[in-house]
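Listed below are the residues making up each chain.
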Amino acid sequence: MIENTFWHPVAASADLAGEPVSVVLLEQAVVLWRDAAGVAHAWADQCPHRGARLSLGRVCGDRLECPYHGWQFAASGQCVHVPALPAFTPPATHTARTFAACERYGLVWVRLEASAVPVVAFAAEDDRRLRKLIFGPYDVATSAPRLVENFLDMAHFAFVHEGWLGTRSASSIDDFRVETTATGLLATQCKAWQPQSSVHALGPAQVEYTYAVDAPYTAVLTKLPDPASVALADFSEAIGLFICPVEPERSRVWFRLACSDWVSTDATLQAFQHTIFEQDRPVLESQTPQCLPLDPRAELHTVADKASAAYRRYLKHLGITFGVC
């Protein structure tokens, strides 16, 4: 699957400490663990000896120990110790199946197959003027593409987020621009009238959005409200939507917030984002089918949907099969 060649988030970095962690990515069981130097590793969660879950084992310095027979594996995946045969030198074939792992934006990312595809960019991460927070995970009974499409959609603001990101009396969507990029798509000049665009909103205001999709199951938005409508001077924020596609119709979601708000508590910022997502959840989980239809005849479309239409074409062009139909 082409999906295997992309990087996907699987856990918060802070949640990977001394013990192995079990996750699922694209229906593949994965064990995460840190070696003595703190480097994160991702392997198939299956001992090559008798198939026990390595995530039930323990970390012994720079080795991961199987819970069943105590086989110990070095960070390379090579078995280096078999307790039942202390003098035995395991051959090169005695190895765990390993995957590429790295850490970005407060998350552990895994790639199941080798490729030259980089981890998706989140430009706001490098801006020291912006405060960064991670929210989640949220386990959602829908496909990753449905989540991305919802993230790109402004027409639902007035109904799903009424009183917050939209109002029924101002539900019309002005024309906006969508263009294809080398890595995905970019939507600009996206405007919405919002009663409360952030925790620092002083009142209703026009807010301009920019959306970027540079990988199948991720998206980034930036929000630029009317400066007079925000209590904080020069307020800006960017939000990354980072999704782990667990199963075709089950996903795990994190949001990465980068904003110029150094005043609010973590809890306050988290509560706002939590409210917005929990408004989305019941609608997302109600959609039928839960996979995203790529046949343009499967669902109806209007010009207000051109960002999601471009996203569907992007997935089809890539040859994505997981979470689509």
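Refer to the structure printed above.
Residues numbered from 1 in each chain as written. Predicted model: local features only at pLDDT ≥ 70, side-chain atom pairs only at ≥ 80, totals over all residues. Heavy atoms only, no water.

A.B. asks: Describe the packing of aromatic side chains, with residues and values.
C.D. replies: Following the criterion strictly, the structure yields 16 aromatic pairs and no others. Where W43 meets F73, the ring centres are 6.2 Å apart and the plane angle is 80°; that geometry is what we call edge-to-face. Taken together, the residues W43 in strand β4 (residues 40-44) and F73 in strand β7 (residues 72-74) connect sequence positions 30 residues apart. With a relative accessible area of 1%, W43 lands in the buried category. Pairing F122 with F242 gives two aromatic rings, centres 5.9 Å apart and planes at 90°, and the pair type is edge-to-face. In this pair, F122 is assigned in the loop between β10 (107-111) and β11 (131-140) and F242 in strand β16 (residues 237-247), connecting sequence segments 120 residues apart. Grouping residues by exposure puts F122 and F242 together as buried. (Phe/Tyr/Trp six-rings, centres within 6.5 Å; stacked < 30°, edge-to-face > 60°. Helix = DSSP H or I, 4+ residues; strand = E, 2+ residues; numbered from the N terminus. Buried < 20%, exposed > 50% of the residue type's maximum accessible area, 1.4 Å probe, protein only.)

A.B. asks: So, the nonpolar core: which residues are in play, and what are the values?
C.D. replies: Generally speaking, nonpolar side chains in soluble globular proteins are found buried as a group. Counting residues in hydrophobic clusters, the biggest one holds 81 residues, and the most contacted among them are V10, L32, W109, Y211, F255 and Y311. In terms of residue count, the dominant contributor to this core is β16 (7 residues). Aside from chain neighbours lying at most four places away, what touches W109 is W7, H8, P9, A100, A101, C102, E103, R104, V119, V120, T218 and F242. Among the nonpolar cores identified, the runner-up in size contains 13 residues, and V31, W33, C47 and F73 belong to it. (Core = buried A, V, L, I, M, F, W, Y, C linked by side-chain atoms within 4.5 Å. Contact = heavy atoms within 4.5 Å.)

A.B. asks: How would you summarise the sheet that holds strand β3 (residues 28-34) if you had to cite specific residues and measurements?
C.D. replies: The 6 strands lie next to each other as β1-β10-β9-β4-β3-β2, forming an open sheet whose pairing is antiparallel. A strand with exactly one partner marks an edge of an open sheet, and here the two such strands are β1 (8-12) and β2 (21-25). Taking each pair of neighbouring strands and ignoring which way they run, the sheet shows an average axis angle of 35°. (Pairing = 2+ DSSP bridges. Axes fitted to C-alpha atoms, helices over the stretch in contact; angles between N-to-C directions.)

A.B. asks: Lay out the state of the cysteines with the relevant residues and their values.
C.D. replies: Counted by the stated rule, this structure contains 1 disulfide. The partner cysteine of C291 in its disulfide is C325, sulfur to sulfur 2.1 Å. Sign of the S-S torsion, about 85° for the bond between C291 and C325, identifies this disulfide as right-handed. Remark: C325 occurs in the segment after α4 (306-318) and C291 occurs in the loop between α3 (266-286) and α4; sequence separation between them is 34 residues. Classification of C291 as buried rests on a relative accessible area of 10%. On the basis of relative accessible area, C325 is assigned to the partly exposed category, the value being 47%. (Disulfide = S-S within 2.5 Å.)

A.B. asks: Break down the sheet that holds strand β8 (residues 79-81) for me, with residues and values.
C.D. replies: In spatial order, the strands read β5-β6-β7-β8; together these 4 strands make up an open sheet with antiparallel pairing. Every interior strand has two partners, whereas the edge strands, β5 (58-60) and β8, have only one. In this sheet, adjacent strand axes meet at a mean angle of 40° when their direction is disregarded. Where β5 and strand β6 (residues 63-65) come together, 3 bridges link them in antiparallel fashion. Across the sheet, V59 pairs through a bridge with L64, a residue of β6.

A.B. asks: Provide a residue-level description of the pattern of salt bridges, including the pertinent values.
C.D. replies: The tally for this structure, following the rule as stated, stands at 19 salt bridges. In this structure, K223 engages E237 in a salt bridge whose closest nitrogen and oxygen atoms are separated by 3.5 Å. Note that K223 is positioned in strand β15 (residues 218-225) and E237 in strand β16, a separation of 14 residues in sequence. One connected set of salt bridges, linked through shared partners, spans R146, E149, E299 and R312. (Salt bridge = Lys/Arg side-chain N within 4 Å of Asp/Glu carboxyl O.)

A.B. asks: Account for unusual backbone geometry, with residues named and values stated.
C.D. replies: Cis geometry marks the peptide bond from G136 to P137, where omega comes out at 10°. By the secondary structure assignment, P137 is in strand β11. Omega for the peptide link from T288 to P289 comes to -5°, which places this bond in the cis form. The phi torsion at Q189 lies on the positive side, around 60°, for a residue other than glycine. Structurally, Q189 is set in strand β13 (residues 185-194).

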